Amino acid sequence: MTDAPQIALKLVDDQWPFTYTDHDRTIARAIVVDDAGDFYFVRAVRDDDFGAATLIETSGGGVEPGEAPEEAIRRELREELGAEVDILCKIGVVSDYYNLIHRHNLNHYFLCRVRSLGEKHLTADEIDSFHLSTLKLGYDEAAAEYERRSNTRLGRLIANRELPILRRAKVLLDSCPTNADTERSTGR
């Protein structure tokens, strides 16, 4: 799976007018799946400059100075989902913009498999401002949730960025045997 071609998307913010960009943010994000084929996301309930919205989003966050995206995604998944994971592959990079806050995002997406789930370590802002919670969904449920949550301008930006990544992750997962399939075919 590590040799699979990566996605490279360049998206624009068509929800708010462009004036200028004054900062870039490098972000590590993940499509997280368990052995049963369930996917893990975060739900954010927010009411801020972007408007009131309930959103679905991949878990992840900013890459800190000196930190590799692979390190950042492991840290972010421990914090937001309480998950220890194996990184299966890098899905790709999505460049997008939040014109409202004059920001360019460079999102590094990884496909990760859950090894274990434990305690989350959310920040006060994630708890109080975004009311972050975990969503565990099947693939079709997740795609439908992105569609349902694209009823707001921010929801549309997120869905435009993440639905192609979710679809690519599904293709990657469908093309590789699971551990159970491998064990059955080898007699272990």
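The structure under discussion appears in the preceding block.
I will try to describe carefully the structure that is included in this document. (Residues numbered from 1 in each chain as written. Predicted model: local features only at pLDDT ≥ 70, side-chain atom pairs only at ≥ 80, totals over all residues. Heavy atoms only, no water.)

**Considering the overall build of the chain**
Helix and strand counts for the chain come out as five helices and eight strands. Its helices and strands in sequence order give the chain the pattern β-β-β-β-β-α-β-β-α-β-α-α-α, from N to C terminus. For the chain, the C-alpha radius of gyration of 17 Å lies close to 16 Å, the compact-globule estimate for 188 residues. Dimensions of the chain, computed from C-alpha atoms along their principal axes, come out at roughly 60 × 35 × 35 Å. For the chain, with 188 residues in total, the buried portion stands at 46%. On the chain, roughly 9500 Å² of surface is accessible, and the fraction owed to carbon and sulfur atoms is 49%. For the chain, the distance from the average position of its 24 positive side-chain charges to the average position of its 34 negative side-chain charges is 4 Å. (Helix = DSSP H or I, 4+ residues; strand = E, 2+ residues; numbered from the N terminus. Rg over C-alpha atoms; globule rule 2.2 N^0.38 Å. Buried < 20%, exposed > 50% of the residue type's maximum accessible area, 1.4 Å probe, protein only. Areas by Shrake-Rupley, 256 points an atom, 1.4 Å probe, with all protein chains shown as cover. Lys, Arg positive; Asp, Glu negative; His and termini not counted. Charge placed at Lys NZ, Arg CZ, Asp CG, Glu CD.)

**Some thoughts on the pattern of salt bridges**
Evaluated as defined, the whole model comprises 17 salt bridges. When the shortest N-O distance is used, the salt bridge between arginine 113 and aspartate 35 registers 3.6 Å. On the criterion of sequence distance, the pair formed by arginine 113 in strand β7 (residues 103-117) and aspartate 35 in the loop between β2 (23-33) and β3 (39-48) is long-range, its members being 78 residues apart. Arginine 113 gets classed as buried once you look at its relative accessible area, which sits at 15%. A relative accessible area of 56% means that aspartate 35 is categorised as exposed. Close ionic contact of glutamate 79 with arginine 75 constitutes a salt bridge, the shortest N to O distance being 3.5 Å. Of this pair, glutamate 79 and arginine 75 both sit in helix α1 (residues 69-81), four residues apart, roughly one helical turn. Here arginine 75 falls in the buried class, since its relative accessible area comes to 14%. The structure contains a network of salt bridges with shared partners spanning Arg29, Glu57, Asp96, Arg161 and Glu162. (Salt bridge = Lys/Arg side-chain N within 4 Å of Asp/Glu carboxyl O.)

**Brief notes about the nonpolar core**
Counting 32 residues, the largest nonpolar core has Ile31, Phe39, Phe41, Ile91, Leu111, Tyr146 and Leu166 as the members making the most contacts within it. For this core, the secondary structure elements donating two or more residues are β2, β3, β4 (51-57), β6 (83-98), β7, β8 (133-137), α3 (139-148) and α4 (153-174). With 10 residues, α4 is the largest single contributor of residues to this core. Setting aside chain neighbours within four positions, we find isoleucine 91 in contact with Pro5, Gln6, Ile7, Ile31, Tyr109, Phe110, Leu111, Ile165, Arg168, Ala169 and Leu172. (Core = buried A, V, L, I, M, F, W, Y, C linked by side-chain atoms within 4.5 Å. Contact = heavy atoms within 4.5 Å.)

**Quick notes on α3**
Among the residues of α3, those classed as buried are Tyr139, Ala142, Ala143, Glu145 and Tyr146. The arc enclosing the buried residues of α3, seen along the axis, measures out at 160 degrees, which places them on a common side. Elements in contact with the buried residues of α3: β3, β4, β8 and α4. (Arc of directions from axis to C-beta.)

**Topic: the packing of aromatic side chains**
Two descriptors summarise a pair of aromatic rings, namely the distance from one centre to the other and the angle between the planes of the rings. Per the stated rule, a full pass over the model turns up four aromatic pairs. Where phenylalanine 41 meets tyrosine 146, the ring centres are 5.8 Å apart and the plane angle is 85 degrees; that geometry is what we call edge-to-face. Of the two residues, phenylalanine 41 is situated in strand β3 and tyrosine 146 in helix α3; the sequence distance between them amounts to 105 residues. Classification of phenylalanine 41 as buried rests on a relative accessible area of 1%. (Phe/Tyr/Trp six-rings, centres within 6.5 Å; stacked < 30°, edge-to-face > 60°.)

**Focus on the layout of surface pockets**
Put simply, the largest pocket is a space of about 540 Å³. Lining of the largest pocket is provided by 24 residues; of these, Arg25, Arg46, Glu57, Gly60 and Phe130 occupy positions nearest its centre. For the lining of the largest pocket, the elements supplying multiple residues, two or more each, are β2, β3, β5 (59-62), α1, α2 (124-128) and α4. Residue classes in the lining of the largest pocket are distributed as 10 nonpolar, five polar and nine charged. (1 Å grid on protein atoms, 1.4 Å probe; cavity = no way out; pocket = protein on both sides within 12 Å on 5 of 7 lines; lining within 4 Å. Points joined across faces, edges and corners; volume = space filled by probe spheres on them. Nonpolar A, V, L, I, M, F, W, Y, C, P; charged D, E, K, R; others polar.)

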